[in-house]
Amino acid sequence: MQTGLEPQPKTLTDQRPSAVEVPQVALPEADLTVQVDVPAELPALLAEHVTKRFQVGRKKRPVMAINDVSLRIERGEIYGVLGANGSGKSTLIRLFSTLLTLDTGRVEVFGKDIERDEMAVKRMINRVSVDAAFFKKLSPFENLAYAARLYGMDAKPAKAESIRILSRLGIAEKRLGRPVEQLSRGMQQKVAIARALLTSPILLLMDEPTTGLDPRSKLEVQSFVEQLRDTHDATIVLTTHDMDEAQRLCRRIGILNEGRIVAEDTPERLKALVADDHGQEPTMHNVFMTFTGRSLDDDVEDDSEDEEE
Amino acid sequence: MAMLTRDLKASMAFVERNFNLTKRYWGWEVAWLVYSVAGALAVTLIGESLGDERLLLVLVIGTIFWSYLAIVFEFIAEAVQWERWEGTLEYTFMAPIRRHAQLLGAAFYAVIFGLVHTVFVLMALAMFFELDLAQANWGTVVAFTLLGTISFIGIGIAASVLPLMYVERGAQMVFVLQSVLLLVSGVYYSIEVLPEWMQFISQFSPATYVLDGVRAGLIDGVGLDELLHDVWPLLVMAVVFIPLGLWAFGRAERYAKRTGRLKRVG
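Residues numbered from 1 in each chain as written. Chains lettered and ligands numbered in written order. Predicted model: local features only at pLDDT ≥ 70, side-chain atom pairs only at ≥ 80, totals over all residues.

Participant: What should I look at first to understand the overall build of chain B in this one?
Facilitator: Within chain B one finds 11 helices and zero strands. Along the chain direction, N to C, the helices and strands of chain B fall in the order α-α-α-α-α-α-α-α-α-α-α. Against the globule reference of 18 Å for 266 residues, chain B gives a C-alpha radius of gyration of 19 Å, in line with a compact fold. On the principal axes, the C-alpha backbone points of chain B span a range of 55 × 40 × 40 Å. Counting only residues that meet the buried cut, chain B has 45% of its 266 residues in that class. Taking the contacts inside chain B whose residues are at least 6 apart along the sequence as the reference set, 81% of them involve residues at least 24 apart. (Helix = DSSP H or I, 4+ residues; strand = E, 2+ residues; numbered from the N terminus. Rg over C-alpha atoms; globule rule 2.2 N^0.38 Å. Buried ≥ 20, exposed ≤ 12 C-beta atoms within 10 Å, placed from the backbone. Contact = placed C-beta atoms within 7 Å.)

Dropping the structure here:
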């Protein structure tokens, strides 16, 4: 019987024989690989008929946050979940992160069921949330050291890795000793990305990583994700309500509307699907309008999504 | 063995993090320590003003040990609430650690911090009063401190369920629980002065037995063998509260994940 505590393909030094090797996403300078003990044909993430409701108030009817969502995300793919605020993007990421339980359906990460093999799944994933959640009085170093220990890493190598990843993201070592609250929002988000990469996840869940960032920081984060995509076999699920970001970064996009995936394909094919409805070359805005009947231009930027209470 | 090592290592994450938080909030820690010393002196000076040495010792012991037990309780019971305030709760809960490792780490730091804090308060009191502890039975004191610590860790774990289940009211409930423990446990007075219904409640507070035992050991030099009526309830509480607290925490975590309460900040 599996306890969920068996050694998982997480650490940088795991040298067990494996069927497939996925290059470690964050550390291109080092000759480090993450060993994945799963057959190559297994998807990185498989969701089947996932449903999640929330009770909002005692006398009100439950809100359907995720409605019969099925996804198959292949290893090495960057999959975008495009949706307006309140469409269920963050709920979906939380379900994949084991932070919410499923009402119905099932989810597997590299063949591991997220409920039965929760601990094993946790070792393989990490998440960057829209709000860079840190102990604000602690420094990036202290926050990253905490993360490293949570994931079973030793403090010393974790510190070296932190410096390397953060310098790659444009944050100098001298800034790592100050409290996080003294860093800009963009800097904080980069530290959040570094924290996620530090634990060598083989599935990275990015929940609106560029929302609220200034244009420059947004571009820097997007460039970094592009580098991951181009130079590594990273599997990333990225939620956004930025059409251009989705088109730029993602191989496939699922459009989420009121908890349902209403369309799913590559950006080019999605545009081709709606080409007949438009007199000119369709944009992702046209695609989104066609499938959801709404525009993201009017979307309010807040994170008061769908779940709660 | 490997699992135990991993759990202990994971526990260190919380010890190190809390130590770093203490360092970063050092100004507040100093302010809190000054307040604790002032509070302890304000209470114990009542004994001094009455010229009653036994009352003075009763108050000193009540002050010192409540200060320690309250810190242990607070640090564990509010562990979830702190993370809600900081916004890190989800990050911690999606990490591959087992809950008992998390709570063990919180408890370990709570005990260390509580002891250091209490030593400072004790040193301050020692500067003001000449305490006659010639008859003290230190073995009894150590035994009751140990049993009381374990019991309070258990109560703290059980209480930490409240902020997990009730996003905004949970911390308030913990505060009320701590206040009730203070009131019924005979910290500054004998529980015999309490109304009967409060005396009934006092039976369920480990602090009642800890304070009774420590006072008997420190003031009268009574040995552990003569204090079995205080020892066995503490033993039962120590054995019951920790597994009960862990079980309740597991259930509450499941509830929080089902209802989406890990996300919300208080």
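Participant: Explanation requested: the overall build of chain A in the structure shown.
Facilitator: When its secondary structure is counted, chain A shows nine helices and 12 strands. Taking all 309 residues of chain A together, the buried fraction comes to 50%. Of the contacts made within chain A by residues no fewer than 6 positions apart, 69% connect residues no fewer than 24 positions apart.

Participant: Before we go on, may I ask you to explain the interface of chain A and chain B in this structure?
Facilitator: Frequently, the measure chosen for interface size is the accessible area removed from exposure when the parts meet. Counting residues at the interface gives 29 residues for chain A, matched by 31 residues for chain B. Going through the elements one at a time, helix 2 (118–124) and helix 3 (140–150) of chain A are the ones with two or more residues in the side of chain A that touches chain B. Here the side of chain A that touches chain B gets five residues from one element, more than from any other, and that element is helix 3 of chain A. Within the side of chain A that touches chain B, the residues separate by chemical class into 14 nonpolar, five polar and 10 charged. (Nonpolar A, V, L, I, M, F, W, Y, C, P; charged D, E, K, R; others polar.)

Participant: How do you make sense of the environment of B:Ala216 when you look at a structure like this?
Facilitator: All names here are of chain B. Looking at the element boundaries, Ala 216 is found in helix 10 (residues 206–220). The class for Ala 216 is buried, based on 20 C-beta atoms found within 10 Å. C-alpha of Ala 216 to C-alpha of Ala 136: the two residues are 80 residues apart in sequence and 8.6 Å apart in space. If sequence neighbours within four positions are ignored, Ala 216 has contacts with Val 222 and Leu 227.

Participant: Help me understand the sheet that holds strand 7 (residues 112–113) of chain A in this model?
Facilitator: All names here are of chain A. Sheet architecture is open: four strands sit in the order 4-3-6-7, paired in antiparallel fashion. The open sheet has two free edges, formed respectively by strand 4 (63–73) and strand 7, since each of these has just one partner strand. With five bridges joining them, strand 3 (residues 45–54) and strand 6 (residues 104–109) adopt antiparallel strand pairing. What sits directly across from Leu 46, in strand 6, is Glu 108. (Pairing = 2+ DSSP bridges.)

Participant: Hey, could you run me through the pairing of strand 12 (residues 260–265) of chain A in this one?
Facilitator: All names here are of chain A. Direction of pairing for strand 11 (residues 252–257) relative to strand 12: antiparallel, over a ladder of five bridges. Pairing of Leu 256 across the sheet is with Ile 261, part of strand 12. Counted between consecutive antiparallel strands, the loop separating strand 11 from strand 12 contains two residues, among which Glu 258 sits at a positive phi close to 50 degrees.

Participant: Would you take a moment to explain the nonpolar core for this structure?
Facilitator: Nonpolar side chains tend toward joint burial in soluble globular proteins. Core analysis: the biggest nonpolar cluster contains 155 residues, and A:Val237, B:Leu69, B:Val72, B:Ile76 and B:Ala110 have the highest contact counts within it. Broken down by element, this core gets its largest block of residues, 17 residues, from helix 3 (residues 53–77) of chain B. Apart from residues lying up to four places away in sequence, B:Leu69 is in contact with B:Gly148, B:Phe152, B:Ala207 and B:Val210. (Core = buried A, V, L, I, M, F, W, Y, C linked by C-beta atoms within 7 Å.)

Participant: In this structure, what is going on with helix 6 (residues 215–231) of chain A? I would like to understand it.
Facilitator: Along an α-helix, residues three or four positions apart point the same way, because every turn accommodates 3.6 residues. Residue and element names in this part refer to chain A. Here helix 6 is 17 residues long and its end C-alpha atoms lie 24 Å apart, about the 24 Å a rise of 1.5 Å per residue gives. Where helix 6 is concerned, the buried positions are Val 221, Gln 222, Phe 224, Val 225 and Leu 228. For helix 6, the angular spread of the buried residues around the axis is 155 degrees, confining them to a single face. Across helix 6 from its buried face, at more than 90 degrees, point the exposed residues Pro 215, Arg 216, Asp 230 and Thr 231. Where the residues of helix 6 are buried, they touch helix 5 (185–198), strand 10 (236–240) and helix 7 (243–249). (Expected span 1.5 Å × (residues − 1). Arc of directions from axis to C-beta.)

Participant: Explain the sheet that holds strand 5 (residues 78–83) of chain A to me, please; I cannot follow it from the model alone.
Facilitator: Remark on secondary structure: sheet strands pair via backbone hydrogen bonds, oriented parallel or antiparallel. Residues and elements named next belong to chain A. Taken in spatial order, the six strands of this open sheet run 8-9-10-5-11-12, and their pairing is mixed. The two strands at the open ends of the sheet, each matched to only one other strand, are strand 8 (125–128) and strand 12. Within this sheet the neighbouring strands show an average axis-to-axis angle of 20 degrees, counted without direction. On the sheet, helix 5 packs against strand 8 and strand 9 (203–207) and is oriented at approximately 180 degrees with respect to strand 8. Here helix 9 (residues 284–292) sits on the sheet and contacts strand 5, strand 11 and strand 12; the angle it forms with strand 11, its principal contact strand, is near 40 degrees. (Axes fitted to C-alpha atoms, helices over the stretch in contact; angles between N-to-C directions.)

Participant: In this structure, what is going on with the confidence of the model for chain A? I would like to understand it.
Facilitator: Parts of the model with low pLDDT should not have their predicted coordinates read in detail. Residues and elements named next belong to chain A. Confidence along chain A averages 82 in pLDDT terms, with 82% of residues attaining 70 or more. Element-level mean pLDDT values for chain A span from 37 in strand 1 (residues 20–23) up to 97 in strand 6. With pLDDT under 50 throughout, residues 1–35 is counted as low confidence; its partners more than four residues away or in other chains account for 71 contacts. In the model, residues 301–309 has pLDDT below 50 throughout and makes 29 contacts with residues more than four positions away in sequence or in other chains. (pLDDT = per-residue confidence, 0-100.)

Participant: What is the right way to read the pairing of strand 8 of chain A from this model?
Facilitator: The side chains of a regular strand alternate between the sheet's two faces. All names here are of chain A. Neither face of strand 8 is open: one carries Ile 125 and Arg 127, the other Asn 126 and Val 128, and all of them are buried. As defined by bridge partners, strand 8 adjoins strand 9 across four bridges and the pair is classed as parallel. Counted as the bridge partner of Asn 126 is Leu 204 from strand 9.

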